[in-house]
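# Architecture and fold: a report
As a plain string of letters, each chain reads:
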Amino acid sequence: MRNSNMTLSKYLINEISVDPELTDLSSLLIDVATAVITISAMLAKGALGGYLGSAEVENVQGEVQKKLDVISNDAFIEQCQWGGQLAGMVSEELELAYQIPAEQERGRYLLLFDPLDGSSNIDFNVSVGTIFSILAKEDNSAATTQDFLRQGINQVAAGYAIYGPSTMLVLTLGRGTHGFTLDRDSGNFILTHPSITIPEETSEYSINTSNSRFWEPPIARYIAECKEGSTGVRNHDFNMRWIASMVAEVHRIILRGGIFMYPRDTRDPSKPGRLRLMYEANPMAMLVEQAGGWASTGRGRMLEVEPTSIHQRIPVILGSKREVERVERYHEEYDAGTDTPYDSPLFGERSLYLDK
Ligand code: AFP
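Keep in mind it's a predicted model, so treat the numbers as computed, not measured. (Residues numbered from 1 in each chain as written. Predicted model: local features only at pLDDT ≥ 70, side-chain atom pairs only at ≥ 80, totals over all residues. Heavy atoms only, no water.)

### Observations regarding the overall build of the chain
Threshold: The numbering of helices and of strands both runs from the N terminus, where a helix is a DSSP run of H or I of at least 4 residues and a strand a run of E of at least 2. With residues, only the protein chains shown are counted as cover, and all accessible areas are computed by Shrake-Rupley using a 1.4 Å probe.
In terms of helices and strands, the chain carries eight helices and 16 strands. Expressed along its principal axes, the backbone C-alpha trace of the chain runs to roughly 65 × 45 × 45 Å. Taken as a whole, the chain presents about 15,200 Å² of accessible surface, with 48% of it coming from carbon and sulfur.

In structure tokens, the structure reads:
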């Protein structure tokens, strides 16, 4: 599978030979990869780097930023703004869209990113990641907020970096999902996982079950059935994983199958989900679809959601196709009132899970 000669640069040169229009996009992706290497180096230092702990400020989401959230955000902006490919950027860490400095050449691409996803894990040396999405404008005029508000199907590239025992960049330009591993000796990303395919079926689910009392009935039904395993309607046992780092979760799922859910819940009616559409859900949805999986809100294809704001939250259900489709079906049946009463012991008190 591994081709030690296929660096990210060579891979992109191949892509350009198929479509010469990809030249600027490829340059931008090289800048993104350089930012990833910078972040990876800082993370690898751990406590020795002096970067751990809180920055003691809140971001636009009302979350207390870690020092590394701030540093990673700066690294991304610094590395990507000077190449002349970008019209603007959106980051989880910035309230407003970032404008390319006036003296700087602009391009027509828009970069949206979460510089450090799962940062609550950093202090404990657990895998974290970076997620990014790239859109294209018609021209290279300065980006307005409206320019970013495009459905995920318009993404021209998407990817994530996972900072684990090794650092990997997983990427799609719309022609499959491919994984590159950072060779720390040469500083190159090497294509180690070409054309990743997510197994269609799975026996593994990922969800934060501490939120179960806030779930909607279709999710409660799905999880109850998984938990019953071979004694219930699914007829086989399931396993569960929850790392609280979406990148790590998605990475495992695209390599060995599974379903990831951060569904809508009733904790805070003003928030229809926890994850952000533009720089978390959409890029992951593109990667997952390009790997043969499916990504949904539970009530529709993620990539077709019409965005309303750059920091919009959305319910996320993604991974192995058949499982995600099953969860979509449970939503459909519930919404139509045609879901059959569930006779699991967990549903003995059906009102536990269903609207009263
Ligand atoms: P941050 O980007 O703020 O670190 O949040 C990470 C995340 O949004 C996502 O990676 C996880 O799936 C989720 O949080 C875990 O959150 P819970 O603590 O609610 O399980």
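### Some words on the site of the ligand
We count it as follows: When we say a residue is near a molecule or strand, we mean one of its heavy atoms is within 4 Å of it. In protein, a polar contact requires one atom able to donate a hydrogen and another able to accept it; more generally it is a pair of N or O atoms within 3.5 Å, and residues adjacent in sequence count only if both atoms are side-chain atoms. The classification used treats Ala, Val, Leu, Ile, Met, Phe, Trp, Tyr, Cys and Pro as nonpolar, Asp, Glu, Lys and Arg as charged, and all other residues, Gly among them, as polar. The domain limits used here are those given by an automatic or database domain assignment.
Around the ligand there are 17 residues in total, and Asp117, Ser119, Asn208, Met246 and Tyr262 lie nearest to it. Separating an oxygen atom of the ligand from a side-chain N or O atom of Asp117 is a distance of 2.9 Å. Calculation on the ligand without its partners gives an accessible area of 480 Å², and the protein chains cover 87% of this total. Mapped onto the shell around the ligand, the elements with two or more residues apiece are β4 (109–117) and β12 (259–262). Taken together, the residues of the shell around the ligand break down into seven nonpolar, five polar and five charged. Summarising the domain contributions, the shell around the ligand has at least three residues from each of domain 1 (8–193) and domain 2 (204–347).

### Here's the deal with unusual backbone geometry
Comment: phi is negative for the bulk of residues other than glycine, and the bulk of peptide bonds are trans. For clarity, the cut-off: Working definition: with a 1.4 Å probe on protein chains only, accessible area under 20% of the residue-type maximum means buried, over 50% means exposed, and in between means partly exposed.
If you check the backbone angles, Asn235 has positive phi at about 65° while not being a glycine. For Asn235, a relative accessible area of 60% translates into the label exposed. A positive phi angle, near 65°, is found at Ala244, a position not held by glycine. Within the element layout of this structure, Ala244 appears in the loop between β11 (239–240) and α6 (246–256). Residue Ala244 is classed as partly exposed on the basis of its relative accessible area of 36%.

### Some points on the pairing of strand β16 (residues 316–319)
What counts here: Two strands qualify as a pair provided DSSP detects at least 2 bridges between them.
Burial along β16 is two-sided: Val316 and Leu318 and Ile317 and Gly319, pointing in opposite directions, are all buried. Strand direction decides the pairing type here: β12 and β16, joined by four bridges, are antiparallel. The residue bridging Met261 from the neighbouring strand is Ile317, located in β16. Bridge analysis of strand β14 (residues 294–296) against β16 gives three bridges, and the strand direction is antiparallel. Counterpart to Trp294 in the pairing with β16 is Gly319.

### Focus: the sheet that holds strand β3 (residues 86–91)
Selection rule: To get an axis, a line is fitted to the C-alpha atoms, and for a helix only the part in contact is used. The angle between two axes follows their N-to-C directions and goes from 0 to 180 degrees.
Strand order in the open sheet formed by seven strands is β3-β4-β5-β6-β7-β8-β9, with mixed pairing between adjacent strands. Two strands in the sheet have a free side with no partner beyond their single neighbour: β3 and β9 (188–193). Between one strand and the next, the sheet's axes are offset by a mean angle of 20°, whatever the strand orientation. Pairing geometry for strand β6 (residues 157–163) and strand β7 (residues 167–172), over six bridges, is antiparallel. Bridge pairing in β7 places Ile162 opposite Met168.

### What to know about the packing of helix α2 (residues 23–45) against helix α3 (residues 67–80)
In plain terms, the rule: In what follows, roughly perpendicular refers to angles from 65 to 115 degrees, roughly parallel to angles under 35, roughly antiparallel to angles over 145, and oblique to any angle outside these ranges. Should the near helix be turned counterclockwise from the far one by less than a right angle, the crossing is left-handed, whereas a clockwise turn marks it as right-handed. By the convention used here, residues are in contact when the closest approach between their heavy atoms is within 4.5 Å.
Contact geometry of α2 with α3 gives a least axis separation of 9 Å together with a crossing angle of 150°. Here α2 lies roughly antiparallel to α3, going by the angle between them. Along this stretch, α2 crosses α3, giving a crossing that reads as right-handed. Here α2 contributes Leu28, Asp31, Val32, Thr34, Ala35, Val36, Thr38, Ile39, Met42 and Leu43 to the contact with α3, which in turn contributes Leu68, Ile71, Ser72, Ala75, Phe76, Gln79 and Cys80. In terms of residue class, the contact of α2 with α3 is made up of twelve nonpolar, four polar and one charged.

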